[in-house]
There are 2 protein chains.
Amino acid sequence: MGGDHVPQSPIAGVKSVLPLLGKDTRLTLVGPQDVIAAELAKQGLAAGQFDIAHANDVIGMDEHPAKAFMLKQNSSIAVGLTLVKEGNLDAFISAGNTGAMLVASVLTLGNIEGVQRPLLGALYPYKGQYSLLADVGLNSDCKPEQLAQFGHIGSIFMQAVWKVTKPRVALLNIGEEKSKGNQLAQQTYPLLAANDKINFIGNAEGRDFNKGHADVYVCDGFVGNIVLKLVESFYPLLKEKAPNDKDVEAFNYEHVGGLPILGINGNVLIGHGSSGPLAFHNMVLRATEVVQSDLVGKIRRAFADSAAS
Amino acid sequence: MGGDHVPQSPIAGVKSVLPLLGKDTRLTLVGPQDVIAAELAKQGLAAGQFDIAHANDVIGMDEHPAKAFMLKQNSSIAVGLTLVKEGNLDAFISAGNTGAMLVASVLTLGNIEGVQRPLLGALYPYKGQYSLLADVGLNSDCKPEQLAQFGHIGSIFMQAVWKVTKPRVALLNIGEEKSKGNQLAQQTYPLLAANDKINFIGNAEGRDFNKGHADVYVCDGFVGNIVLKLVESFYPLLKEKAPNDKDVEAFNYEHVGGLPILGINGNVLIGHGSSGPLAFHNMVLRATEVVQSDLVGKIRRAFADSAAS
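Attention here is on the structure that accompanies the text. (Residues numbered from 1 in each chain as written. Chains lettered and ligands numbered in written order. Predicted model: local features only at pLDDT ≥ 70, side-chain atom pairs only at ≥ 80, totals over all residues. Heavy atoms only, no water.)

A short note on the overall build of chain A
Move 1: Along chain A, the regular secondary structure elements total 12 helices and 10 strands.
Move 2: Computed over C-alpha atoms, the radius of gyration of chain A comes to 19 Å, within 12% of the 19 Å expected from 2.2 N^0.38 for 309 residues, which places it in the range of a compact globule.
Move 3: Its C-alpha atoms put chain A at 60 × 50 × 40 Å along the principal axes.
Move 4: Sorting the 309 residues of chain A into buried and exposed places 58% on the buried side. (Helix = DSSP H or I, 4+ residues; strand = E, 2+ residues; numbered from the N terminus. Rg over C-alpha atoms; globule rule 2.2 N^0.38 Å. Buried < 20%, exposed > 50% of the residue type's maximum accessible area, 1.4 Å probe, protein only.)

Now the structure itself:
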């Protein structure tokens, strides 16, 4: 029930992605049972192909995130995340109230041991590849140690899920030299440089995203969120000038689908409120990739090792 | 002598802009006299139309800003700024080493009384208009009071130079509500809201630049510099898809020319290192506009009033 166009868009996305899923993948639809059943019938889908997890509350797009999550314990967000927590789902996706999804995911599933702060990642397109922007909004104020962890977690994500052999990790900054930047960047640089588990390539600047300079760009959620929304706003501009262009289409977030929350005990992807069927289609694919990659297990082992060493 | 293509580009820019300047405007060329004289001759310009201020040192684009400025007291940057300080020039423009220009401008000319921190502004295009991004790199770490002053100074700039009647001032943030953002944004919001000298319209997000949401976007120089370089990197992408398009061409920094340093006792504009003739042409125009608007006088009076009230 999350998003501006429900239940039509999620069900339409499910319908188109279904033939692409392996036999071992089964989808659970979370929301009011009658609404889901009616929409499945309307779109000509047999209800038996899915599990339905009934949730009669809906958190509105404009509700206060934490408050709504606390009060509406039978919302689709709460029900879905509880199924993940209890091991009954491998991943949960939603295009619902972003703030509520973030708060609820972190509170319900908790941080992976050793992870100081979970983060929200976003994928930046470049010539058919993607790089990760970490964080884009979970942490507005960060400590250097937390930013350095974003680099490590992001590197594991790009390696596990996107099969990048030796992800290039860069610190988003305002100059090339290591002495550049605000205090946070200056203090984060040596921590990233000292981490021999990652391939740190130094600073990246605002112009480097469109050059494919790195595989992971580390920044706090304040900077990352501004970058993400700014970049998204270039898509309609580009599309107006060059419709049907492949490079331009890459900036359409619907091809990515959703943003992963990284560093929590479970797989959660958050979609844009305005997600259409294509976005839901791709969010399901992203979720299966994250599950199959055993991303959570890999982050757990990496941080257990770090703690031990 | 500042920039990657000297002395050809600045002299070519001067040549093309000369017919557009009023009789009261006279240009002084700062640099090695023989180099300037030779280039003027080469481009068919009569030397008598200009004043030449001899400066035999050149600060390289890769030199350490503060160190180079201190050691090379006869650099074109030092000579030009001294002429401004002594009242012999109304404005100084350069596409030289940005760091050196910033350091040298602030040290030589000093802050306007009451201004805590000068800032570097950048102009963001939207449908034939411009808005100001303040700061884009002079202050990586800011206090709320400083950011709030950027809003006030930026508002005076847009009113004086760009003739915007009641500039809409927004705080660059990651959400619409006033409680949003990092600590800096949360603490800056009420200061901007309390300033009755400006038309504060609340928060702006990364997506709002391309909607023409505000006339002044307030941010620290770290965020602003990343935004500026990211936006600049979309110009070649857009141009590739739509050459000769007016909206796209607006993203070419050469049409703006240079960025103003605001809040110091004098008019200084900084150009891109790669500035071509068009950029120098427009930098000269921007400089004349800033001088004619009496921007420095207006900021002085506004901050004298603020101190008095």
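Picking up where we left off.
Quick look at the interface of chain B and chain A
Move 1: Taken together, the contact between chain B and chain A spans 34 residues of the former and 35 residues of the latter.
Move 2: For the pair chain B and chain A, the summed buried surface comes to about 3,300 Å²; carbon and sulfur atoms form 69% of the total.
Move 3: Of all residues in chain B, Ile174, Phe222 and Lys241 of chain B give up the largest surface area on contact with chain A, accounting jointly for 20% of the area buried on that side.
Move 4: The tally of links between chain B and chain A comes to 12 residue pairs in polar contact (both at pLDDT 80 or more).
Move 5: At 14 residues, helix α8 (residues 221-241) of chain B tops the list of elements feeding residues into the side of chain B that touches chain A.
Move 6: Of the residues assigned to the side of chain B that touches chain A, the class counts are 17 nonpolar, 10 polar and 7 charged. (Contact = heavy atoms within 4.5 Å. Buried area = accessible area lost by both parts, 1.4 Å probe. Polar contact = N/O pair within 3.5 Å; in protein donor to acceptor, adjacent residues only side chain to side chain. Nonpolar A, V, L, I, M, F, W, Y, C, P; charged D, E, K, R; others polar.)

Looking at the relation of the copies chain B and chain A
Move 1: Superposition of chain B onto chain A requires a rotation of 180° combined with a translation of 0.0 Å along the rotation axis, giving an RMSD of 0.0 Å. These values place the two chain copies in the arrangement generated by a two-fold rotation axis.
Move 2: When the interface residues of chain B are mapped onto chain A, 100% of them are again interface residues, pointing to one common binding face. (Least-squares fit on C-alpha atoms with pLDDT ≥ 70 in both.)

A few points about helix α4 (residues 76-85) of chain A
Residues and elements named next belong to chain A.
Move 1: When you tally the buried positions in α4, you get 7 out of 10 residues, the bulk of the element.
Move 2: Buried within α4 we find Ser76, Ile77, Ala78, Val79, Gly80, Leu81 and Val84.
Move 3: Buried residues along α4 sit against β1 (28-31), β2 (51-54), α3 (65-71), β3 (91-94), α5 (98-109) and β10 (267-271).
Move 4: Taken from the residues just after α4, Gly87 is the one with a positive phi, measuring 85°.

Structural notes on the sheet that holds strand β7 (residues 199-204) of chain A
All names here are of chain A.
Move 1: Here we have 8 strands laid out as an open sheet, ordered β3-β10-β9-β4-β5-β8-β6-β7, and mixed in their pairing. Both edges of this open sheet fall to β3 and β7, since each of them pairs with a single strand only. Neighbour-to-neighbour, the strand axes of this sheet turn through a mean angle of 30°, independent of strand direction.
Move 2: Looking at chain direction, strand β4 (residues 119-126) and strand β5 (residues 129-134) are connected through 6 bridges and run antiparallel. Its bridge partner being in β5, Ala122 is matched across the sheet by Leu133. (Pairing = 2+ DSSP bridges. Axes fitted to C-alpha atoms, helices over the stretch in contact; angles between N-to-C directions.)

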